[in-house]
Amino acid sequence: MPQQIYKFNNATFVLKSKDLITLSKQIKHISQFYTETLNSFCGDETSIEYIENEKLFNNVLNKLKKIEYKSYQTFTNQIHYEYNVNGLKYYLIDNKEYLCIKKAHNDYCIISDGKPSGEKWPFRIIREILVRKNEDSCGLFMHGTGFNIDGKGIALLGNSGSGKTTLMTKIFETDSNIKMLSNDRIFIYDDIKPMMEYFPIPIVYPIGTVKNSKHLIEYFKQTEIFEKRTGKSFENSKTTDKVDVPLTDISKIFCNVNLVNESELNYIIFPNITNEEGEKIVELTKLEKEIMLNQTCFTIFDWESLRLPWIQNRVRSNNDIIENKINTILKIIENVPIIKLNYNFTTNGEKIKKLIKKI
């Protein structure tokens, strides 16, 4: 059976399909988000078989109609139904785009009816399993953007609207050598030295940020990605509109940016985009740092997109994970400089670089 192996720092996934055409669809989809792992260690292997078969899909659906189920609101706008059938667990999403059979702890089969909407789900499953495996390995799931500039790893942490993506874009438009992890979600670890690790997720660009960047304007015009995603004209788009861009396209947009999956964590910056002129570093007290790190930590609960455990639970207890969260945050505060940075839409990326060097 044709297969493709994907390795992350704490997990290995083997994606299988009965034919190369079906597998190639998955490879094409995952290539938008996947970066090759940097270290040799990988966790236990998880097998996922993907099947596109309308007749099989409908036959299974008909059998499940007669069986009782439990409901899980797995995301803010999605519900999964869980069925127990002969010792196996079946998960069906409420819009019936796909169903997943959990054969064993590390053995899954995903079935769709062949419509394009079902193609994204194997990697969605991979991402949910990856969150649990990383949390079991003491990683904290953070609301932030991670990158490395001139050899220094920086995490931009903040809630939606704080200016993480805009600040990242301004820095990426400089001539620096930049290595990017991911935007909006990263993992941080307190290991021998503080580290951060990427999470495979699209980059969601507000159009207000796009129209203030010549690199993004060129990319949006060349690819017509806004038109393809929304069916509307980019020229007539609103600043509040948002478009998700493949993570791996970042190197196409900014020629000085390369993707990596991990970096040492040297600085944490909480961006604050304002209407005031100038840029300013704001020093934080230890209590303020602790509060802001907790507010941007999605372990153990991703309050923004919900993302509750469903297809795979954590191995470690909630109390154990909470204790690790508290200890990791305190150690990060001790070992990593943390500041708040006020800036505005007209701020130049070079000015930001100079401010960062003062931290």
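Nothing here was measured: the structure is a model prediction, and the numbers come from that model.

Conventions adopted
- Residues numbered from 1 in each chain as written.
- Predicted model: local features only at pLDDT ≥ 70, side-chain atom pairs only at ≥ 80, totals over all residues.
- Heavy atoms only, no water.
- Pairing = 2+ DSSP bridges.
- Helix = DSSP H or I, 4+ residues; strand = E, 2+ residues; numbered from the N terminus.
- Axes fitted to C-alpha atoms, helices over the stretch in contact; angles between N-to-C directions.
- Phe/Tyr/Trp six-rings, centres within 6.5 Å; stacked < 30°, edge-to-face > 60°.
- Buried < 20%, exposed > 50% of the residue type's maximum accessible area, 1.4 Å probe, protein only.
- Polar contact = N/O pair within 3.5 Å; in protein donor to acceptor, adjacent residues only side chain to side chain.
- Arc of directions from axis to C-beta.
- Contact = heavy atoms within 4.5 Å.
- Salt bridge = Lys/Arg side-chain N within 4 Å of Asp/Glu carboxyl O.

Asks: Sorry, what's going on with the sheet that holds strand E20 (residues 280–283) here?
Replies: One key point about sheets: their strands pair by backbone hydrogen bonds, in either a parallel or an antiparallel sense. If you walk across this open sheet you meet the seven strands as E17-E12-E10-E11-E19-E21-E20, and the pairing is mixed. On the outer flanks of this sheet lie strand E17 (257–259) and E20, each paired with one strand and no other. Taken over all neighbouring pairs, the strand axes of this sheet differ in orientation by 30° on average, direction set aside. Where strand E12 (residues 178–182) meets E17, three bridges bridge the pair, whose relative direction is parallel. Opposite Lys-179, over in E17, you have Asn-258 as the bridge partner.

Asks: Whenever I open this one, the packing of aromatic side chains confuses me. Can you help?
Replies: Geometry of an aromatic ring pair is reported as the spacing of the ring centres plus the angle between the planes. The final tally for this structure, using the stated rule, is 19 aromatic pairs. On the numbers, 6.3 Å between centres and 20° between planes, the contact of Phe-8 with Tyr-198 is stacked. Linking Phe-8 in strand E1 (residues 3–8) with Tyr-198 in strand E14 (residues 194–198), this pair joins segments that are 190 residues apart in sequence. Given the relative accessible area of 1%, Phe-8 is considered buried. Assessed through its relative accessible area of 1%, Tyr-198 is described here as buried. With 6.1 Å between their ring centres and 70° between their planes, Phe-187 and Phe-199 make a pair best called edge-to-face.

Asks: How should the environment of Pro-206 be read in this particular structure?
Replies: Relative to the helices and strands, Pro-206 is located in strand E15 (residues 203–206). A C-alpha to C-alpha distance of 38 Å links Pro-206 and Asp-44, two positions 162 residues apart in sequence.

Asks: Any chance you could explain the side chain of Asn-9 here in plain terms?
Replies: With respect to the helices and strands, the residue Asn-9 is situated in the loop between E1 and strand E2 (11–17). Side chain to side chain, Asn-9 and Glu-197 meet in a polar contact 3.3 Å long. Here Asn-261 takes part through its side chain, which lies 3.4 Å from a polar atom of the side chain of Asn-9.

Asks: What exactly am I supposed to notice about helix H6 (residues 214–223) here?
Replies: In an α-helix, one turn spans 3.6 residues, which is why side chains three or four residues apart end up on the same side. Of the positions making up H6, those classed as buried are Leu-216, Tyr-219 and Phe-220. Seen along its axis, H6 keeps its buried residues to an arc of 95°; they face one direction. Away from its buried face, by an angle of more than 90 degrees, H6 presents the exposed residues Lys-214 and Gln-222. Residues of H6 that are buried sit in contact with helix H4 (164–172), E15, helix H5 (207–210), helix H7 (225–230), strand E16 (242–245) and helix H8 (250–253). Just past H6, the residue Glu-224 takes up positive phi, approximately 55°.

Asks: How should I be thinking about the pattern of salt bridges in this particular structure?
Replies: It is possible for side chains of opposite charge to pair when their charged atoms get near one another. Scanning all chains against the criterion turns up 19 salt bridges. Between Asp-184 and Lys-164 there is a salt bridge, with its nearest N and O atoms 3.8 Å apart. Of the two residues, Asp-184 is situated in the loop between E12 and strand E13 (186–190) and Lys-164 in helix H4; the sequence distance between them amounts to 20 residues. Lys-164 gets classed as buried once you look at its relative accessible area, which sits at 6%. As a salt-bridge pair, Asp-320 and Arg-316 come within 3.0 Å of each other at their nearest N and O atoms. For Asp-320, a relative accessible area of 32% translates into the label partly exposed. One salt-bridge network, in which partners are shared between bridges, spans Glu-128, Lys-164, Asp-184, Arg-185, Asp-302, Glu-304 and Arg-307.

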